[in-house]
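# An overview of the molecular structure
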Amino acid sequence: MVNQVTSISFSIENNSHSKEETADYEKALKLCGYGSFHYKFVFVCGIMFLSAGLQNGVNAYILPAAGCDLQLSSEEKGFLNVAFLVGGVVSSLVWGIASDVYGRKNILLGTLMADSFVCLMASLSQSFTMLLCFRTISGFTIGAPGALVFAYLGEFHSEKQRSKSICYVGFFWTISWLILPGLAWIIIPLTFSLKVYGYIFNSWRLFLLLTGIPSFIISFIGMNYPESPKFLLAKNKPEEALRVLRKIYAGNTGRDESDYPVKYLINDDGLILNTKGKESEEEEFNLTKFLKNIWKQIRALCSPPLLKYIFLSCLIFFLNMFGYYGLGLWLPELFNRFESHYKHHPNISVTVCELINNANKSDVLNLSKRDLSCTGMNEQVFVNTLIINAICLLGNITSGFLADRVGRRTIPVTTMLVAGIASLAIYFVRTSLQNLIVSCIFSLAIATANFALSGAVVDIFPTHVGAMAICLSVCFGRIGAIVSNLIFGMLLDISCDIPIFLVASMVLLGGFLGFLIPQSKS
């Protein structure tokens, strides 16, 4: 393993102390036990991740109504999707560096609060330009909790519990994608319209506003939780780290903090970290120092032995999200086209590509006119989405159960290979039911792989570059999402075969590359 804090310079003492009073970080964390504190902390991190999930999926539900209301073209709708992802790509490096310098907790809570405000402003948008601007900013702000929550969560858990906790937090992303269609089904069909000083506020704007509430609430709740003790050690603050560990111990065991057996933290050479020496002062923002930190961390990640791991991580994330956001976001359109075809030609069986290449476009248009308006969406899309995401919950639960029982690479390799096969199978489906079954398998596998990969990255990289590593990996994943959206948009109606086989091959390649992830003990 390479997740050690050996590159940080600590003030140390050679004093001899009882072995029962000294421990390295991993042992000190294990002695905290696993109980009430961790259960609550996983829930808090889960709500942070749920907030990110809501913003990542909200476009699919506001665009039909917003498009009608603001008279958006298909091209403008596509820009709104890409703009959010671009905001996330831009934010990845910034938040990764900032959290490694100023703390995971500070960046997480600040960006969550900012995103709730951005959602409020976006809900007041009266034009395409205004909505585009705020959705781009939302992609930038929510990009922090969308990636950093794994580093924050993982550093409170011992190696045995780390991957499991990350998989369980992934459960909340799936819940967010269950909440979205359910809430949209209730809110968007409402017909009210308020006009105040020329501003119109109606159902889709209310829906967008409501998706920002979890970010606002959890930003306040999160203030009651401490900074990562591993980060504090990396900043040469062993006494603060010990205070956090004592709090975790008391929360888990119900005993007094003074009963915590560890009095001194030791480094990998067995030398005691000085808890009485001068601790590093709080960092103040300085642009020059910030840019130097960016260069320092990029240089660390791009040097052996971390270079091969960051390259592998970025590549696999790119391939995973290429499929997750490419084919995944296209599935509702596929459902819609199947419904249109079999409504008008119930006795004519077609494959996906025959449907896309030969379907009468006027049928799709007529279906859209009947089922979609400024206050409504096709109900079957809601139903199918709810079914798919409900099935995905099984993947989160199963991966959480298996995470500490199998090797580090077992889950991401298996799930990406299954997702690749499922995406290939979509080429051969001939009915809406077949499409739903294959889509459930694909979505379950590709989403589970995404969360398992995040756990592997947190486990592999050392603390002082850990947040940077996960953010850089997610950055490349978001680039993959942008590329796949552009490819699908350009090629789907021209040549159906290419995008489907491209996704299948990319996801399968990611699965095979997963065999290169360093294996941990099962």
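Residues numbered from 1 in each chain as written. Predicted model: local features only at pLDDT ≥ 70, side-chain atom pairs only at ≥ 80, totals over all residues. Heavy atoms only, no water.

## Digging into the overall build of the chain
- Scanning the chain from N- to C-terminus turns up 20 helices and 6 strands.
- Look at the contacts in the chain between residues 6 or more apart in sequence, and 84% of them connect residues 24 or more apart.
- Accessible surface, the chain as shown: approximately 21700 Å² in total, 63% of it carbon and sulfur. (Helix = DSSP H or I, 4+ residues; strand = E, 2+ residues; numbered from the N terminus. Contact = heavy atoms within 4.5 Å. Areas by Shrake-Rupley, 256 points an atom, 1.4 Å probe, with all protein chains shown as cover.)

## Remarks on a nonpolar patch on the surface
- On the surface, Ile213, Phe216, Ile217, Phe220, Ile221 and Met223 cluster together into a nonpolar patch covering about 540 Å² of accessible area.
- With respect to the helices and strands, the residue Ile213 is situated in helix α9 (residues 213-221). (Patch = residues over 30% accessible without salt bridge, like charges linked within 9 Å, V, L, I, M, F, W, Y side chains within 5 Å. Salt bridge = Lys/Arg side-chain N within 4 Å of Asp/Glu carboxyl O.)

## Notes on the confidence of the model for the chain
- Confidence in the prediction for the chain averages 80 pLDDT; 84% of positions are at 70 or higher.
- Confidence, read as mean pLDDT per element, is least for helix α15 (residues 361-371) in the chain (41) and greatest for α9 (96).
- Between residues 1-17, whose pLDDT stays under 50, and residues either more than four places distant or in other chains, the model counts 46 contacts.
- Low pLDDT, under 50, characterises residues 277-282; the predicted model gives this stretch 10 contacts beyond four residues in sequence or across chains. (pLDDT = per-residue confidence, 0-100.)

## Quick look at the side chain of Ser219
- Relative to the assigned elements, Ser219 resides in helix α9.
- Ser219 sits in the buried class, given a relative accessible area of 1%.
- Leaving out residues up to four positions away in the same chain, Ser219 has contacts with Leu109, Leu112 and Met113. (Buried < 20%, exposed > 50% of the residue type's maximum accessible area, 1.4 Å probe, protein only.)

## Observations concerning the environment of Leu190
- Positionally, Leu190 belongs in the loop between α7 (159-187) and β3 (193-196).
- When the C-alpha positions of Leu190 and Asn202 are compared, they lie 8.1 Å apart, and in sequence the two are 12 residues distant.

## Remarks on the pattern of salt bridges
- Summed over all chains, the structure comprises 6 salt bridges.
- Note that Arg205 and Asp69 form a salt bridge whose closest N and O atoms lie 2.8 Å from each other. You can see Arg205 sitting in helix α8 (residues 203-210) and its partner Asp69 sitting in helix α3 (residues 59-70), a full 136 residues away along the chain.
- The class of Arg205 is buried, set by a relative accessible area of 1%.
- Relative accessible area serves as the criterion here: at 26%, Asp69 is assigned to the partly exposed category.
- Within the structure, one salt-bridge network assembled from shared partners comprises Glu239, Arg243 and Arg246.

## Thoughts on the environment of Met113
- As for its placement among the helices and strands, Met113 is situated in helix α5 (residues 104-123).
- Taking the C-alpha atoms as reference points, Met113 and Ile142, separated by 29 residues in sequence, lie 9.6 Å from one another.
- When residues no more than four places from it in sequence are discounted, the contact partners of Met113 are Phe216, Ser219 and Phe220.

## Observations regarding the pairing of strand β4 (residues 199-202)
- Direction of pairing for β3 relative to β4: antiparallel, over a ladder of 4 bridges. Along β4, the bridge assignment pairs Lys195 with Ile200.
- Counted along the chain from β3 to the antiparallel partner β4, the turn is 2 residues long, and its residue Tyr197 has a positive phi close to 50 degrees. (Pairing = 2+ DSSP bridges.)

## Looking at the environment of Ile316
- Mapping Ile316 onto the fold places it in helix α13 (residues 306-344).
- With 137 residues separating them along the chain, Ile316 and Leu453 place their C-alpha atoms 8.4 Å apart.

## A look at the side chain of Ser91
- The topology assignment puts Ser91 in helix α4 (residues 74-102).
- Residue class for Ser91 comes out buried when judged on its relative accessible area of 0%.
- Polar side-chain contacts of Ser91 include one of 2.9 Å to the backbone oxygen of Gly88.
- Not counting chain neighbours up to four residues away, the residues in contact with Ser91 comprise Gly139, Phe140, Gly143 and Arg478. (Polar contact = N/O pair within 3.5 Å; in protein donor to acceptor, adjacent residues only side chain to side chain.)

## Some details on the packing of aromatic side chains
- Under the definition given, this model contains 20 aromatic pairs.
- Relative to Phe150, the ring of Phe49 lies with its centre 4.9 Å away and its plane at 70 degrees, an arrangement referred to as edge-to-face. Taken as a pair, Phe49 in helix α2 (residues 36-57) and Phe150 in helix α6 (residues 128-154) lie far apart in primary sequence, 101 residues in all. Both residues of the pair, Phe49 and Phe150, count as buried.
- Where Phe171 meets Phe172, the ring centres are 6.1 Å apart and the plane angle is 80 degrees; that geometry is what we call edge-to-face.
- The exposure class of Phe172 is buried, given its relative accessible area of 12%.
- Aromatic rings pair up to connect Phe37, Phe41, Tyr152, Phe156 and Tyr225 into one cluster. (Phe/Tyr/Trp six-rings, centres within 6.5 Å; stacked < 30°, edge-to-face > 60°.)

## Some details on the packing of α2 against α6
- Contact geometry for α2 and α6: axes closest at 9 Å, N-to-C directions at 150 degrees. Between α2 and α6, the angle falls in the class roughly antiparallel. Crossing of α2 against α6: the hand is left-handed. Across the interface between the two elements, Phe41, Val42, Cys45, Met48, Phe49, Ser51, Ala52, Gln55 and Asn56 from α2 touch Arg135, Ser138, Ile142, Pro145, Gly146, Val149, Phe150, Tyr152 and Leu153 from α6.
- Here the residues of the contact of α2 with α6 are counted per class, giving 12 nonpolar, 5 polar and 1 charged. (Axes fitted to C-alpha atoms, helices over the stretch in contact; angles between N-to-C directions. Parallel < 35°, antiparallel > 145°, perpendicular 65-115°, else oblique. Left-handed = near helix turned anticlockwise from the far one by under 90°. Nonpolar A, V, L, I, M, F, W, Y, C, P; charged D, E, K, R; others polar.)

## So, unusual backbone geometry
- A cis amide bond links Pro304 with the next residue in sequence, Pro305, at an omega value of 5 degrees.
- The residue Pro305 is located in the loop between α12 (287-301) and α13 in this model.
- A positive phi angle, close to 55 degrees, is found at Gln71, a residue other than glycine.
- Residue placement: Gln71 occurs in the loop between α3 and α4.
- If you check the backbone angles, Asn236 has positive phi at about 65 degrees while not being a glycine.
- Its location among the elements puts Asn236 in the loop between α10 (229-234) and α11 (238-253).

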